[in-house]
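# Understanding the architecture of this molecule
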Amino acid sequence: MPRNVTSLSRQQARRITLAAQGFLDPPHAVPTMRTLVRTVQRTGVLQIDSVNVLQRAHYMPLYSRIGPYEPALLDRAAGRPPRRLVEYWAHVAAFMPVELWPYMRHRMRMYGEDGHPWPGAPTSRELAASLVAELRDGGPRTARELDTGLPQAKTDWGWNWSETKRTLEYLFLSGEVAIAGRNGAFERVYDLPERVLPADVLDRPEPSDDEAHTELVRRAARSLGIATEPDLKFYYRMAAGQTGPAVQRLLESDEIEPVTVEGWKRPAYLHRDARLPRRVDASALLSPFDPVVWWRDRLEALFDFFYRIEIYTPEHRRVHGYYVLPFLLGDRLVARVDLRADRRSGVLEVRSAYGEQSAPPETAERLAAELTRLAGWLALPTVVVHRRGDLAPALAAEVRLEGVGASLR
């Protein structure tokens, strides 16, 4: 029997997405581990990135949704038993709920057989076996602590990996070792899976490939609320041919339903538990690695907001700045700011500030309040607004009213 296809406006699709991503959850006066777990249930994963010009990427999506929280909560959730989160290549490098580990085993097998473009396959199985034995006998350690001291090859741009590091990364991707945490230098600390993952998770039977693909698409659909097939495929970086059959299985079980969205050329799918709120009252800065932001085509389709991260763009060619965060107000992205935390001077620098054409009159005021809150979370007593950008003068005036000593430079 043909299905009745619901038609939704772009604004409705935005609100569904923001609700699914946790922007409707009531804030806790003091966020707890329960708050953190609830939020990660919404986002599904927290992308990890080494850039630390403001705050590490995995801490920011939690802040954007629950406000100022103690980062040690996340460190504890991913770094101490009983672990709630574990690091794996779930989107790219990301923290994911520990119960997702069995559904990544098909990916681990693939990397075990074929390697990964970055570490590749180990050049020496003897070295791989030796490293696993060293971890078993000596406990969790970094690649540097395990390294033989041989010279590191300098053949890859941006990387300087020893053979030990390459082999450990292969073992990590293939599931033969796991990540026990990160040290102060942001280095991975490797250990055996049985000492990282809860026993009940490791003991679960491996799902079939079809079951794993379906579970990943199910989780992506829940986190997105409404999505096209490419959106679902991208969320967990699934391979070609894996998503379509999983979508069909979820349609047959009525977990998703087909819908159309104003202006979208592709069919879309609505998760059966998705909420469509009358309004969204969000006020949040979004990291370049936030799940709402990371799929640029979807971002433009939902918010009519063209965005590119410019970290790897030469400075003279950057349009908006180095580390630019979109500002979410209500259910729209109304501005963007290039931010830098100068921890030595105790300053949150707003290196540029640009408003969108559709930005409402209160944008500078609301953004100033959010920057003040962010500065407090980062323990930076001063906000300095630079002159670059059309929103900068109004923003500097509003930040001065917030009493955090802003000046227009």
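Everything discussed here concerns the structure shown above.
In short, a report on the structure. (Residues numbered from 1 in each chain as written. Predicted model: local features only at pLDDT ≥ 70, side-chain atom pairs only at ≥ 80, totals over all residues. Heavy atoms only, no water.)

### Points about the pattern of salt bridges
Which entries qualify depends on this criterion: The term salt bridge refers to a pairing of a side-chain nitrogen on Lys or Arg with a carboxyl oxygen on Asp or Glu at a separation within 4 Å. Starting at the N terminus, helices and strands are each numbered in turn, a helix being any DSSP run of H or I of at least four residues and a strand any DSSP run of E of at least two. Accessibility here uses a 1.4 Å probe with only protein chains present; expressed as a share of the type maximum, an area under 20% marks a residue as buried, one over 50% as exposed, and anything in between as partly exposed.
Tallied over the entire structure, the rule returns 26 salt bridges. The residue D331 makes a salt bridge to R14 at a minimum N-O spacing of 3.9 Å. Here R14 lies in helix α1 (residues 10-20) and D331 lies in the loop between β11 (324-330) and β12 (332-342), a separation of 317 residues in the sequence. When sorted by exposure, D331 lands in the same class as R14, which is buried. For R218, the salt bridge goes to E215, with nearest N and O atoms at 2.5 Å. In this pair, R218 and E215 both sit in helix α11 (residues 209-224), three residues apart, roughly one turn of the helix. The exposure class assigned to E215 is buried, which follows from its relative accessible area of 11%. Through salt bridges with shared partners, a single network forms among E87, K165, E169, R182 and R188.

### Remarks on the sheet that holds strand β9 (residues 268-271)
Convention followed: By this definition, two strands are paired if DSSP reports at least two bridges between them. Structural elements are reduced to axes, namely lines fitted to C-alpha atoms, with helices fitted over the stretch in contact, and the angle between N-to-C directions of any two is expressed from 0 to 180 degrees. Contacts are assigned to residue pairs that have any heavy atoms within 4.5 Å of one another.
Ordered by their spatial adjacency, four strands build an open sheet running β1-β8-β9-β7, and the pairing between neighbours is mixed. The strands lining the two open edges of the sheet, one partner per strand, are β1 (6-8) and β7 (226-228). For this sheet the average axis-to-axis angle between neighbouring strands, irrespective of direction, equals 45°. In this structure, β1 lies alongside strand β8 (residues 256-261), joined through three bridges in parallel fashion. Paired with L8 across the strands is V261, a residue of β8. Lying on the sheet, α11 is in contact with β7, β8 and β9; it crosses β9 at an angle near 85°.

### Thoughts on the environment of R188
Here R188 lies in strand β6 (residues 188-191). Judged by relative accessible area, which is 9%, R188 ranks as buried. Sequence spacing of R188 and L168 is 20 residues, and the spatial spacing of their C-alpha atoms is 9.9 Å. Beyond its immediate stretch of four places on either side in the chain, R188 contacts E87, W89, A93, R141, T142, A143, E169, F172, I179, G181 and R182.

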